[in-house]
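Survey of secondary and tertiary structure
The lines below spell out each chain.
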Amino acid sequence: MKKILLFFLLFFTVICSKVSAKTLVVYYSYTNKCHEIVQTLTSHIEAYVLRIYPADKTQQYEANNYAVGSQLLSTIQADPNNANSYPEIDPVSTSLSDYDTFIIVTPLWWSQMAAILQTYLFHHGQEMAGKRVGLIVSSHSSGISGVVADARRLVPNANWMGNALWINNASHGNRETLIQNWLSEIDYFGVVTGISDVKTSEPSVIYSIGGLRLTKAPSSGIYIENGIKKIATKQ
Ligand SMILES: Cc1cc2nc3c(=O)[nH]c(=O)nc-3n(C[C@H](O)[C@H](O)[C@H](O)COP(=O)(O)O)c2cc1C
């Protein structure tokens, strides 16, 4: 009897320590595509959100055939190890030590990571070392390998969660499915919550947050249905 009790105690300690893992979504958005991506993403995962803003709110990055954006990126490329190469952003007080998983969501500018988010990661990327980090990139149509390279430079020694998710503007309307597939592909719920035996292909398989299989969705609280974390609120 004692052994059984000990087993359950150990089981719930492991589950609870994984469930208490905290995720921070960090993003920048100029025309709100990334903002919408973050809204969709956080309807599927439990996460804190940090939006980065440029200090200069007057810039129109698309003006003169995107000249300002192009100039900001050239300055970074010319001297990427110099803090003065990066455009100023609003101060951020969020402490990254409170989190063990990060999802970075960024627009692509001139095939690179948008300069504003580069500033944040230049100063804080090192604090993500050894932690789980995922990347989502929004572009009009350009491929994202340059942004992935920027992320690896600015966030050294991260434990990258699978491949980056690319959502181009043509597939932006389909982001819900793309995000769900990506979360499943990187085994987000398995890695972050420790509940990896939930298969998205199995219809209506429901688990409590503690990993117990339920016969139906609860009327309130957090539960996991077909691999997707959901929150039920009483009407
Ligand atoms: C300065 C600037 C440069 C851009 N360069 C590219 C580019 O090279 N290729 C591309 O496909 N899209 C480019 N875009 C478009 C954005 O990547 C795309 O619209 C993205 O969805 C914007 O995200 P946001 O709405 O969150 O700002 C650029 C946008 C800006 C503002």
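Here we summarise the structure given alongside this text. As a convention, each chain's residues are numbered from 1 in the sequence order in which they are written. The model is predicted, so local features are restricted to residues of pLDDT at least 70 and side-chain atom pairs to those at 80 or more, both for listing and for counting; the totals for chains, interfaces and linings are taken over all residues. Heavy atoms throughout the structure, all of them, feed into the side-chain values; hydrogens and water do not.

Turning our eyes to something else, we now look at the site of the ligand. One heavy atom within 4 Å of a molecule or strand is enough for the residue carrying it to be called near that molecule or strand. Around the ligand there are 20 residues in total, and Ser 29, Thr 31, Leu 108, Ser 138 and Ser 142 lie nearest to it. Between N or O atoms, a polar contact is any pair within 3.5 Å; within protein, one atom must be a potential hydrogen donor and the other a potential acceptor, and residues adjacent in sequence are included only when both atoms are from side chains. In the model, an oxygen atom of the ligand is placed 2.7 Å from a nitrogen or oxygen of the Ser 141 main chain. Between the ligand and the protein, one listed contact pairs a nitrogen atom with a side-chain N or O atom of Ser 142 at 2.7 Å. Calculation on the ligand without its partners gives an accessible area of 660 Å², and the protein chains cover 89% of this total. Lining residues are defined by having an atom within 4 Å of a point belonging to a cavity or pocket. Those points lie on a 1 Å grid over the protein atoms alone, cavities being sets where a 1.4 Å probe fits but cannot get out and pockets being open sets with protein on both sides within 12 Å along at least five of seven lines. To decide whether a molecule occupies a pocket or cavity, check its atoms: if more than half lie within 2 Å of the grid points, it is inside. More than half of the atoms of the ligand fall within 2 Å of the grid points belonging to the largest pocket. Put simply, the parts of the chain that give the shell around the ligand at least two residues each are α2 (33–42), α3 (63–78), β3 (101–109) and β5 (132–139). In terms of residues, the shell around the ligand owes the most to one element, β3, which gives 3 residues. Areas reported as accessible are Shrake-Rupley estimates using a 1.4 Å probe. Residue values count occlusion only from the protein chains shown. Strands are runs of DSSP state E lasting at least two residues, helices are runs of H or I lasting at least four, and both sets are numbered from the N terminus onward.

A few words on the layout of surface pockets. Empty space among the atoms can be located by rolling a probe the size of a water molecule over them. Grid points are joined across faces, edges and corners, and a volume is the space filled by probe spheres set on the points. In this structure, the largest pocket encloses a volume near 540 Å³. Around the largest pocket, the lining is made up of 21 residues, and of these Tyr 66, Leu 108, Trp 109, His 140 and Asn 169 lie nearest the centre. When contributions to the lining of the largest pocket are tallied by element, the ones reaching two or more residues are α2, α3, β3 and β5. Each residue is assigned to one class: nonpolar for Ala, Val, Leu, Ile, Met, Phe, Trp, Tyr, Cys and Pro, charged for Asp, Glu, Lys and Arg, and polar for all the others, Gly among them. Residues belonging to the lining of the largest pocket are distributed by class as follows: 8 nonpolar, 11 polar and 2 charged.

For the rest of this paragraph, the subject is the nonpolar core. We call a set of buried Ala, Val, Leu, Ile, Met, Phe, Trp, Tyr and Cys residues a nonpolar core when their side-chain atoms join them within 4.5 Å. Between buried and exposed lies partly exposed: a residue is buried under 20% and exposed over 50% of the maximum accessible area for its type, with that area taken using a 1.4 Å probe on protein chains only. Membership of the largest hydrophobic core comes to 34 residues, with the highest contact counts inside it found for Leu 117, Tyr 120, Leu 121, Met 128 and Val 155. Elements supplying a minimum of two residues to this core: β1 (23–27), α3, β3, α4 (115–124), β5 and α5 (145–154). Top element by residues in this core is α4. It accounts for 5 residues. Once residues lying within four places of it in the same chain are set aside, the contact partners of Val 155 are Ile 104, Leu 121, Gly 125, Met 128, Val 133 and Trp 160. Ala 21, Ile 45, Ile 179 and Phe 189 belong to the second-largest nonpolar core, a separate cluster that totals 21 residues. Only heavy atoms enter the contact rule, under which two residues are in contact if any of them lie within 4.5 Å.

Below, the discussion takes up the environment of Arg 51. The topology assignment puts Arg 51 in strand β2 (residues 48–51). Along the sequence, Arg 51 and Val 25 sit 26 residues apart, while their C-alpha atoms lie 8.3 Å from each other. Ignoring anything within four residues of it in the chain, the contact list for Arg 51 reads Tyr 27, Ser 29, Asn 32 and His 35. In terms of polar contacts, Arg 51 uses its side chain to reach the backbone carbonyl oxygen of Ser 29, at 3.1 Å. A distance of 3.4 Å separates the side chain of Arg 51 from the side chain of His 35, its partner in a polar contact.

Now for the packing of α4 against α5. A pair of packed helices is characterised by two quantities: the angle between their axes and the separation of those axes. The angle between two axes is taken between their N-to-C directions and runs from 0 to 180 degrees, where each axis is a line fitted to C-alpha atoms and a helix contributes only its stretch in contact. α5 packs onto α4 with a crossing angle of 25° between their chain directions and a minimal axis gap of 9 Å. Put simply, α4 runs roughly parallel to α5. On α5, the residues that touch Gln 118, Leu 121 and Phe 122 of α4 are Asp 150, Arg 153 and Leu 154. Per-class residue counts for the contact of α4 with α5 are 3 nonpolar, 1 polar and 2 charged. These descriptions rest on fixed angle ranges, namely under 35 degrees for roughly parallel, over 145 for roughly antiparallel, 65 to 115 for roughly perpendicular, and the rest for oblique.

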